[in-house]
Amino acid sequence: AQSVSQHNHHVILSEAASLELGCNYSYGGTVNLFWYVQYPGQHLQLLLKYFSGDPLVKGIKGFEAEFIKSKFSFNLRKPSVQWSDTAEYFCAVKPSSYKLIFGSGTRLLVRP
Amino acid sequence: DAMVIQNPRYQVTQFGKPVTLSCSQTLNHNVMYWYQQKSSQAPKLLFHYYDKDFNNEADTPDNFQSRRPNTSFCFLDIRSPGLGDAAMYLCATSRDIGREQFFGPGTRLTVL
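What counts, and where the lines are drawn
- Residues numbered from 1 in each chain as written.
- Chains lettered and ligands numbered in written order.
- Predicted model: local features only at pLDDT ≥ 70, side-chain atom pairs only at ≥ 80, totals over all residues.
- Heavy atoms only, no water.
- Helix = DSSP H or I, 4+ residues; strand = E, 2+ residues; numbered from the N terminus.
- Rg over C-alpha atoms; globule rule 2.2 N^0.38 Å.
- Buried < 20%, exposed > 50% of the residue type's maximum accessible area, 1.4 Å probe, protein only.
- Contact = heavy atoms within 4.5 Å.
- Areas by Shrake-Rupley, 256 points an atom, 1.4 Å probe, with all protein chains shown as cover.
- Lys, Arg positive; Asp, Glu negative; His and termini not counted.
- Charge placed at Lys NZ, Arg CZ, Asp CG, Glu CD.
- Disulfide = S-S within 2.5 Å.
- Polar contact = N/O pair within 3.5 Å; in protein donor to acceptor, adjacent residues only side chain to side chain.
- Phe/Tyr/Trp six-rings, centres within 6.5 Å; stacked < 30°, edge-to-face > 60°.
- 1 Å grid on protein atoms, 1.4 Å probe; cavity = no way out; pocket = protein on both sides within 12 Å on 5 of 7 lines; lining within 4 Å.
- Points joined across faces, edges and corners; volume = space filled by probe spheres on them.

Asks: Whenever I open this one, the overall build of chain B confuses me. Can you help?
Replies: In terms of regular secondary structure, chain B is built from zero helices and 11 strands. Along its sequence from the N terminus, chain B presents helices and strands in the succession β-β-β-β-β-β-β-β-β-β-β. The C-alpha radius of gyration computed for chain B amounts to 13 Å, which stays within 12% of the reference 13 Å derived for 112 residues, consistent with globular compactness. Across the 112 residues of chain B, 50% fall into the buried class. A separation threshold of at least 6 residues defines the contact pool for chain B, and within that pool the share at least 24 residues apart is 56%. Summed over all atoms, the accessible surface of chain B reaches about 5500 Å², with 49% contributed by carbon and sulfur. Each charge class in chain B was averaged separately, 11 positive and 10 negative side chains, and the resulting centres sit 6 Å apart.

Here it is in structure tokens:
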């Protein structure tokens with residue numbers, strides 16, 4: 001069955017530290033890829049997406065993600081986190097002809 | 001500016017008492033989705049509407065039904081809520097299948 005794995009369930013960083021959140025999926029065909037963020041008390045918001053083209057995708061608030069097809073990965077990165085990045089981050093994968101599949105999420109806590 | 005609106009934000013019901021959750025959108029999107037999200041888990045798709053076409057997930061219990069009377073509104077009906085149905089229910093919309101989904105703030109359902 002198709003699945004999305006986010007290996008880090010909880011991440012704690014200090015401000016200005018670099019961030020990388022892992023996302024791997026199990027599907028061999030064409031996929032659309034997404035990262036969503038949920039700030040405390042708020043709804044899920046799209047951070048960035050990949051459909052095709054340049055595998056390095058720039059999103060909002062300084063986030064980026066790289067699609068590595070050979071590794072079935074779509075890791076999220078940010079060079080320098082801020083306290084306001086404290087949130088839960090969900091990777092989601094949309095295989096063609098199938099529903100959107102979410103990972104279980106990674107809770108990020110950024111200490112001031 | 002609200003794009004996907006869910007009412008109520010918090011719903012308390014009794015075991016076995018039918019409940020209806022509401023979602024409306026101002027985006028004029030073709031697709032509307034209902035997800036169930038339990039604590040520390042990924043959102044789980046229950047069903048979606050593409051325009052008026054209803055698409056039920058194979059593992060969605062019969063206890064869950066949905067209605068979409070027009071483009072803007074979609075309802076989630078839980079006919080006989082059990083304790084295990086306590087969760088956050090998320091409504092989302094997308095312009096088309098495979099495109100990014102826009103989420104509402106969710107309705108947190110408590111079953112007593």
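Asks: For this particular structure, what's the right way to read the state of the cysteines?
Replies: Defined simply, a disulfide is a covalent bond joining two cysteines at their sulfur atoms. Tallied over the entire structure, the rule returns two disulfides over all chains. Put simply, A:Cys23 and A:Cys91 are joined by a disulfide, and their sulfur atoms are 1.9 Å apart. On the sign convention where negative is left-handed, the bridge of A:Cys23 and A:Cys91, at about -65° about the S-S bond, is left-handed. Of the two residues, A:Cys23 is situated in the loop between strand E3 (19–21) and strand E4 (24–25) and A:Cys91 in strand E10 (residues 87–95); the sequence distance between them amounts to 68 residues. Each sulfur in the disulfide pair B:Cys23 and B:Cys91 lies 1.9 Å from the other. Across the S-S bond of B:Cys23 and B:Cys91 the torsion is about -70°, and the bridge reads as left-handed. Taken together, the positions of B:Cys23 in strand E3 (residues 19–25) and B:Cys91 in strand E9 (residues 87–94) put the pair 68 residues apart, joining distant regions of the chain. The buried category is assigned to B:Cys23, whose relative accessible area is 0%.

Asks: Is there a simple way to explain the environment of B:Pro69 in this structure?
Replies: Residue and element names in this part refer to chain B. Along the chain, Pro69 turns up in the loop between strand E7 (64–67) and strand E8 (73–78). By relative accessible area, which is 55% here, Pro69 ends up exposed. Separated by 17 residues in sequence, Pro69 and Lys52 place their C-alpha atoms 8.3 Å apart.

Asks: For this particular structure, what's the right way to read the side chain of A:Glu64?
Replies: Residue and element names in this part refer to chain A. In this fold, Glu64 is placed in strand E8 (residues 64–68). One polar contact links Glu64 to Lys58, side chain to side chain, over a distance of 2.8 Å. In contact with Glu64, other than residues within four places in its own chain, are Leu48, Leu56, Val57, Lys58, Gly59, Asn75, Leu76 and Arg77.

Asks: I would appreciate a short explanation of the packing of aromatic side chains in the present structure.
Replies: Geometry of an aromatic ring pair is reported as the spacing of the ring centres plus the angle between the planes. Overall, the coordinates contain 16 aromatic pairs over all chains when judged by the stated rule. Between A:Phe102 and B:Tyr35 the ring centres are 5.6 Å apart and the planes differ by 85°, which places this aromatic pair in the edge-to-face class. On the criterion of chain membership, the pair formed by A:Phe102 in strand E11 (residues 101–102) and B:Tyr35 in strand E4 (residues 31–37) is interchain, its members lying in two chains. For A:Phe102, a relative accessible area of 6% gives the class buried. Ring geometry for B:Phe64 against B:Tyr89: centres 6.1 Å apart, planes inclined by 35°, an arrangement best described as tilted. Taken together, the positions of B:Phe64 in strand E7 and B:Tyr89 in strand E9 put the pair 25 residues apart, joining distant regions of the chain. The pair B:Phe64 / B:Tyr89 is uniform in exposure class, with both members buried.

Asks: So what exactly am I meant to see when it comes to the layout of surface pockets here?
Replies: Empty pockets left among the atoms are what a rolling probe the size of a water molecule brings to light. Put simply, the largest pocket is a space of about 430 Å³. What lines the largest pocket is a set of 21 residues, and nearest its centre among them are A:Gln38, A:Glu88, A:Arg107, B:Met88 and B:Arg108. Listing elements by their share of the lining of the largest pocket, those giving two or more residues are E10 and strand E12 (106–111) of chain A. Per element, the largest residue contribution to the lining of the largest pocket is three residues, and it comes from E10(A).

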